[in-house]
Amino acid sequence: MRGFLASSIGVTCAAALALPLAPPASAATTTGSATPSASSTPARGTDPASARGAAPASVRGAAPASVRGAAPAEASVPGSTQSLPLAPLGRDRAPGAAQQGVTPRDVPPFSLVGVVWDDPAAELHGQVQVRTRATATGSWSDWQELETHNADHAADPGTPESTSGRVRGATAPLWVGESDGVEVRVRAESAPGAARTAPEATGSARHTAFPLPGGMRLELVDPGDGAPSEGAGSAPGDGSRTGALAPQAAGSAEAAAAWAANADLAPFGAAEIPAERQRAKPYTGPRPSITTRRGWGADEKLREKKFVYTKKVKAAFVHHSATGNNYRCSQAPSVIRSIYRYHVNSMGWRDLGYNFLIDKCGKIYEGRAGGVSKAVLGAHTYGFNSNSMGIAVLGTYSSKKPSSAAVKAIARLTAWKLGLYGMNPRGKTYLKSGGGNLHRKGKNVRLNVISGHRDGFATSCPGKKLYGKLGTARSTAAKYQGR
């Protein structure tokens, strides 16, 4: 979408849906932190940098148990989510106004931003733009767009995760780096026939534009202070680079369960599952190194406790996270922690939606909990989550080419994981559709074993440039399998 009146042609690949236990629309709330104090709001049209002030330090710490969605976090990963209601902008002040937003203001530090709304089935026909102020420099960014159409990226219809009552509609989240000021504006797209309607006959922009979804809120996510350091919490005498924990040092029951799910591949509580040098068996590629949830610093008390599995893994769907490309590889764990918080606290999912994530340096990360070798049910490809896995490359690849390291990582991961279930990366398979805009519910759909998100749903995901590299990923994965 370009220009402030944006076309909503096509659907994009980024996460969509819900925030549990939504607060009243008149109040700004913070999840996982103390509620921020009131901040100044400069007049619209002035330079908001002049209003810069220090954020309350308490916002970055662990939340009291009474705060919405709060739970005692792992010691080194506090994090928080601020939620600010959008208000009408301009002269039209009525509910459902065609222009809504948040005027420039100081906020406690955050690094990722998104917009959510009440009804997960409601589409946002329009443009969402945000600009942010960098904490380090005090400079404001240019306006950046958030991808708005995300119903393609969710749990399958009719599943407990999608019918929990906690799910919300949402834009894709955008990684902006540590910031302490924000402004957002949302403008509805013109409705069909609007150009033929004389302005004097309408009396209001509400008659010429799609209605905006109700209950729109700006979500500002602080990912916390980082993953446990290498070797932190190690058992006595354990000097391994994976930083494995003794069972008694596991911490919460949720953390222990997440770590135990990979116990057959690495020491208990390892921050990294080591790579294999040789194929475990014919047509199963050697396992690549995988950073575990502990390695990227997941707060296991955010997610639901139980794991959900399907029978097998017959296909891999490749995505882009649509969070932008302005991150360093050293920041990838922070980006993942932010997406995790956005998926769970802001959109209402049971856990991170993707099964795996890959950064632009080719590092692979465990996504949804339950064990990297197991058939964990994700929420990545609407209608096709059963018997598949979702891999998200961090970044936006509509016009930017993915790195060769990221494409190679896709090949290495799929050669191993699909090989465990006897699948040929260059082959075809059938998956039964759970419903969607491309394939009716119940239809057996023939798909590439390594598919792009757009193959299961009418969407632009994983971006034109990444989608164009899937052929290379298939052939390279097959070679890793020895085919």
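Everything here concerns the structure above.
These lines cover the structure that appears in this document, whether it is placed above or below.

Scoring rules and cut-offs
- Residues numbered from 1 in each chain as written.
- Predicted model: local features only at pLDDT ≥ 70, side-chain atom pairs only at ≥ 80, totals over all residues.
- Heavy atoms only, no water.
- Buried < 20%, exposed > 50% of the residue type's maximum accessible area, 1.4 Å probe, protein only.
- Helix = DSSP H or I, 4+ residues; strand = E, 2+ residues; numbered from the N terminus.
- Pairing = 2+ DSSP bridges.
- Contact = heavy atoms within 4.5 Å.
- Axes fitted to C-alpha atoms, helices over the stretch in contact; angles between N-to-C directions.
- Phe/Tyr/Trp six-rings, centres within 6.5 Å; stacked < 30°, edge-to-face > 60°.
- Lys NZ or Arg CZ within 6 Å of the ring centre and 35° of its normal.

Here we look at the pairing of strand β5 (residues 126–134)
Here comes step 1: In terms of residue burial, β5 counts as a mostly covered element, since eight of its nine residues are buried.
Here comes step 2: Two elements, β5 and strand β8 (residues 174–188), share nine bridges in a ladder whose sense is antiparallel. Residue Gln 127 lies in a different strand from β8, and its bridge partner there is Arg 187.

Things to note about the environment of Lys 432
Here comes step 1: If you trace the backbone, Lys 432 turns up in strand β16 (residues 428–432).
Here comes step 2: Note on Lys 432: relative accessible area 57%, which makes it exposed.
Here comes step 3: Each C-alpha atom, one on Lys 432 and one on Asn 385, is 9.8 Å from the other, the two residues being 47 residues apart in sequence.
Here comes step 4: If we ignore the near neighbours within four places in the chain, the residues touching Lys 432 are Gly 383, Phe 384, Gly 442, Lys 443 and Asn 444.

Thoughts on the sheet that holds strand β11 (residues 290–291)
Here comes step 1: Pairing is mixed in the open sheet, where seven strands are placed in the order β10-β11-β14-β13-β15-β12-β18. The open sheet has two edge strands, β10 (272–273) and β18 (450–452), and neither has a second partner.
Here comes step 2: As paired strands, strand β12 (residues 315–320) and β18 are joined by three bridges and run parallel to one another. Bridging across to β18, Val 318 finds its partner in Gly 452.
Here comes step 3: Packed onto the sheet, helix α5 (residues 404–420) meets β11, β12, β13 (356–358), β14 (364–366), β15 (388–393) and β18 and runs at close to 165° relative to β15.
Here comes step 4: Most of the contacts of helix α7 (residues 470–480) go to β18, to which it runs at about 165°, and overall it touches β12 and β18.

Points about the packing of aromatic side chains
Any pair of aromatic rings gets described here by the distance separating the centres and the angle formed by the planes.
Here comes step 1: Going through the model one piece at a time under the given rule, you end up with three aromatic pairs.
Here comes step 2: Seen in terms of ring centroids, Trp 259 and Phe 268 are 6.3 Å apart; in terms of plane orientation they differ by 90°. Their pairing is edge-to-face.
Here comes step 3: According to the relative accessible area criterion, Trp 259 is buried, its value standing at 10%.
Here comes step 4: Look at Phe 268 and you get partly exposed, because its relative accessible area is 22%.
Here comes step 5: With 5.6 Å between their ring centres and 85° between their planes, Trp 296 and Tyr 340 make a pair best called edge-to-face. In this pair, Trp 296 is assigned in helix α3 (residues 293–296) and Tyr 340 in helix α4 (residues 332–346), connecting sequence segments 44 residues apart.
Here comes step 6: The exposure class assigned to Tyr 340 is buried, which follows from its relative accessible area of 1%.
Here comes step 7: Geometry around Trp 143 places Arg 185 over its ring, the cationic atom sitting 3.8 Å from the centre.
Here comes step 8: Sitting above the plane of the Tyr 327 ring, Lys 360 keeps its charged end 4.4 Å from the centroid.

A look at the environment of Gly 371
Here comes step 1: Note that Gly 371 resides in the loop between β14 and β15.
Here comes step 2: Relative accessible area serves as the criterion here: at 4%, Gly 371 is assigned to the buried category.
Here comes step 3: Along the chain, Gly 371 and Phe 307 lie 64 residues apart, while their C-alpha atoms are 9.2 Å from each other.
Here comes step 4: Each residue touching Gly 371, except ones within four places of it in the same chain, is listed here: Ala 261, Asn 262, Glu 366 and Val 376.

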